[in-house]
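# Tertiary structure, described
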Amino acid sequence: MGTNNDTLTAIHRTIFVSAIVNETLSDPARKYVMYDVRVDMPPKIVSDGLWGNTAYAALPSRATLPLLELQIISIFTITQCFHWVLKRLGFPYFVSQIMAGFVLGPSLKIDALKPLKAMLFPYGSEDVLSIVSIFGYTFFLFLNGVKMDFSMITRTGKKAWTIALSSLLIPTFIGLTVCYKFLDSFRRTLGEFDGTKLPVVVIGHSGCSFPVVASLLSDLEILNSELGRLALSAALVMDVFTSFVTGFGTAIVSSLRTDSHDHDQNKGAKLAAFNATKYVGFLVMVITIARPTMRWIVRSTPEGRSVKKSLTYLVVLMALFSGLIGLNAKQTVLGGVLLVGLLVPEGPPLGTELIKQLELFTTWFLLPLFVTSCAMKVDISVPMDVKLIITVAVIIVVVHLLKLLITIGICRYCHMPKTDGLCLALMLSCKGVVDFCTEVFLFDSMLLSNQTVAMMTISVLTLGSIARIGVKSLYDPARKYAGYQKRNILNLKPNSELRVVACVHKPSHTVSIKNALDICCPTTNNPLVVHVLHLMELVGRSTPVFIAHRLQERVGSDHHNFSEDVIVTFDLFEHDNAGTASVNTYTAISPSRFMHDDICYLALDKLASIIILPFHVRWAEDGSIESTDENIRALNNKVLERAPCSVGILVNRGSSSYHGPTKNIAMIFLGGSDDREALCLAKRTIKDCGYNMAVYHLVASNSGFTNWDVMLDDEVLKSVKGTYGNVENVTYEKIIIEDPSQTTDFLTQIANLHDFIIVGRRNGIKSSQTAALESWTEFSELGVVGDLLASPDTTTKASILVVQQQQTPKS
């Protein structure tokens, strides 16, 4: 505190009657502070209000609850002010929380703010805020354990294991070797306390936290990317391995510290072995009791129902009780709570229900308070020894440099691009809330000095910001979907198979997608390969799941049968088209804003020519709109922007109970690349004599297309015009459009004459046939013609397929 006196005395007016502070400076490394406190009993919780005794009772600092509310409001206000500025610069949210702690804590030394800080955080009030907010951090760790798919470790490939263990163990081994080899030199140079605590710095920066990496990937919207999945797998291996090793280390070290006064080494070794055995017993006991209990809860919950709240309370109490038992095994409360979280079966129904009930209040309300209260304990303005700064900085830089080089080297050995290797290294070097709070816990346990924890806090802010900004600028998950190869129906070779990715969100989509696949008319000469992707929203876990049912992959809990109805429906479709159609079914469980990555990646991997997406509007039997899903619409727009092949949006306006074959197909052709792609898809229907196809060619009297467009359109239309001979089940009709209103009238007339209508999206193409209709378009993803046919004002029972040809990058 900048004084040479051995004892510093001060009297504070607080929620306590008085507090006499005695700070003994005989040990500068530790600086013990002793308080003589006299407390009002019973303590005052609620203020007497504005009309109470203004000199005493109405002051916010004299009542616990009003003071706590004022502190919470101040913390969130300052945090949001910082975040409003920092988010525009690319900094993560936890940086704003820590900066708020610096402002409210001792780091910001401005004389004008001292009275306000003393009023807002009087002596004794920090304990109340810490006790309330630490529940947020406790349940934050518990929920992250719930979200973790622990079984993913057994399915993680060799690449993730190699990257995780190499980037963890090699820097740790080298760092600890250097620290212990030059331990005497560090003691003489830095002092006894700081010199012996350098291994804590090495261990703290060698690993990475799974929740931190998952949060980074979610913020950058690359959770579903191939690189994101690899980062999650490696982070999970590192975090779990570190947690178990730390548990054993804590049990052993605590026993050695307890027995440090006794020079009998055999007794210390026996005590360490005893505590390690107790730790193993603790793990076995929790696993054998908690896991069967949770399986019983899941089994007793009816399919599709939520878990009873009383049972979720039982799981929460089990987690807290496990934390208390862990204290007897020389572990922290947080370790036991996290262990129970890992044992919760991920996903529905139990994991999902716990997330719904706890996440909002704990993660978004209590956790920010705890992070800020931790930052208030750190004083980054404290005078620092230059030698200590250099030593700690070199250790941190060397450890992370080794991690970067090792990760990049392994990625290069696995033939990954250099940029992807660097991004993966940055992800695994990212620091966040968990790392910062762990450092503050070590500081509270007197394993780190004030100077060291200040430097490690700055390193957490720096590494977390560099990782987020660096990955965001270097990695673009959409670039691998760029269509440099022509993957569309128009450019398919004659008698080649048509590869389709068909997406299903809800049970109502299954029949309409199956009917759309029927019009592709698979034959022996032109087979059909369908990859059906059932998309489910990720709730109750942090790791996305992708299941290939043909390979009979098992994911998560044994009692879940993902996509059973979808599998049965399309297996029947394959059976009905035996020898001409092949169907593979997949399930993707991911956040709705990341689902486009699953769709585009599957289409890219399977060399699909077209993706079929269900429209976001559902119609009732009477033709009115029954429901809409804006998440599906946003997904469709993202796929249209990034798809590596052509895309078709299927609008199902027919009865959901209709099971008969589609007989009358209409193709509305105005011209352009999308219409040519749609016509090529429509021409596959003429291979089945049971289908009748009518091609309506709408031509403007003053065509706005170039001669090249007209030539391309004419070439595609030759086969349906009768140039190569008439086809019995094809009708071609050319309609001259003088006025855009004629287009509306014509489409209204034919809308109810057909069972299935195929049109091109014609995005960005302006023509006189539809010029007046463009301003009335409600759903731009359907184009002008598709939007008109899908309008409630148009009477039709026909399903509509709007096709967009593969978007090639502009040179």
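Criteria and cut-off values
- Residues numbered from 1 in each chain as written.
- Predicted model: local features only at pLDDT ≥ 70, side-chain atom pairs only at ≥ 80, totals over all residues.
- Heavy atoms only, no water.
- UniProt positions renumbered as here; feature names shortened; annotations may be inferred.
- Helix = DSSP H or I, 4+ residues; strand = E, 2+ residues; numbered from the N terminus.
- Buried < 20%, exposed > 50% of the residue type's maximum accessible area, 1.4 Å probe, protein only.
- Contact = heavy atoms within 4.5 Å.
- Areas by Shrake-Rupley, 256 points an atom, 1.4 Å probe, with all protein chains shown as cover.
- Salt bridge = Lys/Arg side-chain N within 4 Å of Asp/Glu carboxyl O.
- Pairing = 2+ DSSP bridges.
- Axes fitted to C-alpha atoms, helices over the stretch in contact; angles between N-to-C directions.
- Core = buried A, V, L, I, M, F, W, Y, C linked by side-chain atoms within 4.5 Å.
- Parallel < 35°, antiparallel > 145°, perpendicular 65-115°, else oblique.
- Left-handed = near helix turned anticlockwise from the far one by under 90°.
- Nonpolar A, V, L, I, M, F, W, Y, C, P; charged D, E, K, R; others polar.
- pLDDT = per-residue confidence, 0-100.
- Phe/Tyr/Trp six-rings, centres within 6.5 Å; stacked < 30°, edge-to-face > 60°.

- In the nomenclature of an unreviewed UniProt entry, the protein corresponds to Cation/H(+) antiporter 4-like from the organism Abrus precatorius.
- Under the UniProt heading Sequence similarities (unreviewed entry), the entry covering the protein gives this text: "Belongs to the monovalent cation:proton antiporter 2 (CPA2) transporter (TC 2.A.37) family. CHX (TC 2.A.37.4) subfamily."
- The heading Subcellular location (unreviewed entry) in the UniProt record of the protein holds the text "Membrane".

## Details of the overall build of the protein
- Scanning the protein for helices and strands turns up 27 helices and 15 strands.
- Scored against the burial criterion, the 811 residues of the protein give a buried share of 51%.
- In the protein, of all internal contacts separated by at least 6 residues, the share reaching a separation of at least 24 is 77%.
- For the protein, the exposed surface amounts to about 37,700 Å²; the carbon and sulfur share of it is 60%.

## Concerning the pattern of salt bridges
- Scanning the model with the defined rule gives 13 salt bridges in all.
- Across the salt bridge formed by Arg 229 and Asp 598, the nearest N and O atoms sit 2.8 Å from each other. Taken together, the residues span a long stretch of sequence, with Arg 229 in helix 11 (residues 226-258) and Asp 598 in helix 22 (residues 595-605) at a distance of 369 residues.
- When the shortest N-O distance is used, the salt bridge between Lys 506 and Asp 629 registers 3.5 Å. A residue pair is termed long-range when its members are at least 10 positions apart, and Lys 506 in the loop between strand 3 (498-504) and helix 20 (507-518) and Asp 629 in the loop between strand 9 (625-628) and helix 23 (630-642) qualify at 123 residues.

## Looking at the sheet that holds strand 15 (residues 799-804)
- Taken in spatial order, the 11 strands line up as 5-6-4-3-7-10-15-14-11-12-13 in an open sheet, and their pairing is mixed. The sheet terminates laterally at strand 5 (545-548) and strand 13 (730-737), the two strands that pair on one side only. Neighbour to neighbour, the strand axes of the sheet diverge by 20° on average, direction disregarded.

## Some words on the pairing of strand 14 (residues 756-760)
- Of all 5 residues making up strand 14, 5 are buried, and the element is well covered by its neighbours.
- Burial along strand 14 is two-sided: the face carrying Phe 756, Ile 758 and Gly 760 and the face carrying Ile 757 and Val 759 are both buried.
- Here 4 bridges tie strand 11 (residues 664-669) to strand 14, and the two strands are oriented parallel to one another. Bridged to Ala 666 within strand 14 is Ile 757.
- As paired strands, strand 14 and strand 15 are joined by 5 bridges and run parallel to one another. Of the residues in strand 15, the one forming a bridge with Ile 757 is Ile 800.

## So, the pairing of strand 12 (residues 692-700)
- Most of strand 12 sits out of view: 8 of its 9 residues are buried.
- Summarising the sheet, strand 11 and strand 12 pair through 6 bridges and their orientation is parallel. The residue bridging Asn 664 from the neighbouring strand is Asn 692, located in strand 12.
- Judged from the 8 bridges that link them, strand 12 and strand 13 form a sheet pairing that is parallel. Counterpart to His 697 in the pairing with strand 13 is Lys 734.

## Some points on the environment of Leu 650
- Residue position: Leu 650 is located in strand 10 (residues 646-651).
- Accessibility expressed as a relative area gives 3% for Leu 650, which makes it buried.
- Taking the C-alpha atoms as reference points, Leu 650 and Ile 513, separated by 137 residues in sequence, lie 7.7 Å from one another.
- Beyond its immediate stretch of four places on either side in the chain, Leu 650 contacts Ser 512, Ile 513, Ala 516, Ile 612, Leu 613, Pro 614, Phe 615, Phe 756, Ser 799, Ile 800 and Leu 801.

## Focus: the nonpolar core
- Counting 78 residues, the largest nonpolar core has Tyr 137 and Phe 436 as the members making the most contacts within it.
- The dominant element in this core, judged by the number of residues it contributes, is helix 11, at 10 residues.
- Sequence-distant contacts of Tyr 137, defined by excluding residues within four places in its chain, comprise Leu 334, Leu 367, Phe 370, Val 433, Val 434, Cys 437, Thr 438 and Phe 441.
- In this structure, Ala 603, Phe 615, Leu 670 and Val 784 belong to the second largest nonpolar core, which totals 50 residues.

## A few points about the packing of helix 17 (residues 418-428) against helix 19 (residues 450-474)
- For the pair helix 17 and helix 19, the least separation of the axes is 9 Å and the interaxial angle reads 160°. One way to sum up the angle between helix 17 and helix 19 is to call them roughly antiparallel. In the crossing of helix 17 with helix 19, the sense of the turn from one axis to the other is left-handed. Contact residues: Thr 419, Leu 422, Cys 423, Leu 426 and Met 427 in helix 17; Ile 466, Ala 467, Gly 470, Val 471 and Leu 474 in helix 19.
- In the contact of helix 17 with helix 19, the residues fall into 8 nonpolar, 2 polar and no charged.

## Considerations on the confidence of the model for the protein
- Here the protein shows a mean pLDDT of 80. Residues at 70 or above account for 82%.
- Considering each helix and strand of the protein separately, the mean pLDDT is smallest for strand 1 (residues 18-23), with a value of 45, and largest for strand 7 (residues 610-614), with 93.
- The low-confidence segment residues 1-31 (pLDDT under 50) makes 74 contacts with residues lying over four places distant or belonging to another chain.

## A look at the environment of Met 456
- Residue placement: Met 456 occurs in helix 19.
- Spatially, the C-alpha atoms of Met 456 and Val 392 are 8.3 Å apart, while their sequence positions differ by 64 residues.
- Excluding anything up to four places from it in sequence, Met 456 contacts Val 201, His 205, Glu 439 and Leu 448.

## Points about unusual backbone geometry
- In this structure, Met 446 is a non-glycine residue whose phi angle is positive, near 65°.
- For Met 446, the location among the structural elements is in the loop between helix 18 (433-444) and helix 19.
- Not every positive phi belongs to a glycine, and Cys 521 is a case in point at roughly 45°.
- Structurally, Cys 521 is set in the loop between helix 20 and strand 4 (528-537).
- Residue classification places Cys 521 among the buried residues on the basis of a relative accessible area of 5%.

## So, the packing of aromatic side chains
- Evaluation of the coordinates by the stated rule reveals 11 aromatic pairs.
- An angle of 25° between the planes, with centres 5.3 Å apart, marks the rings of Phe 361 and Phe 365 as stacked. Taken as a pair, Phe 361 and Phe 365 lie in helix 15 (residues 350-375) at a separation of 4 residues, close to a single helical turn.
- A residue is classified by how much of its surface remains accessible, and Phe 361, at 49% relative accessible area, is partly exposed.
- A residue is classified by how much of its surface remains accessible, and Phe 365, at 29% relative accessible area, is partly exposed.

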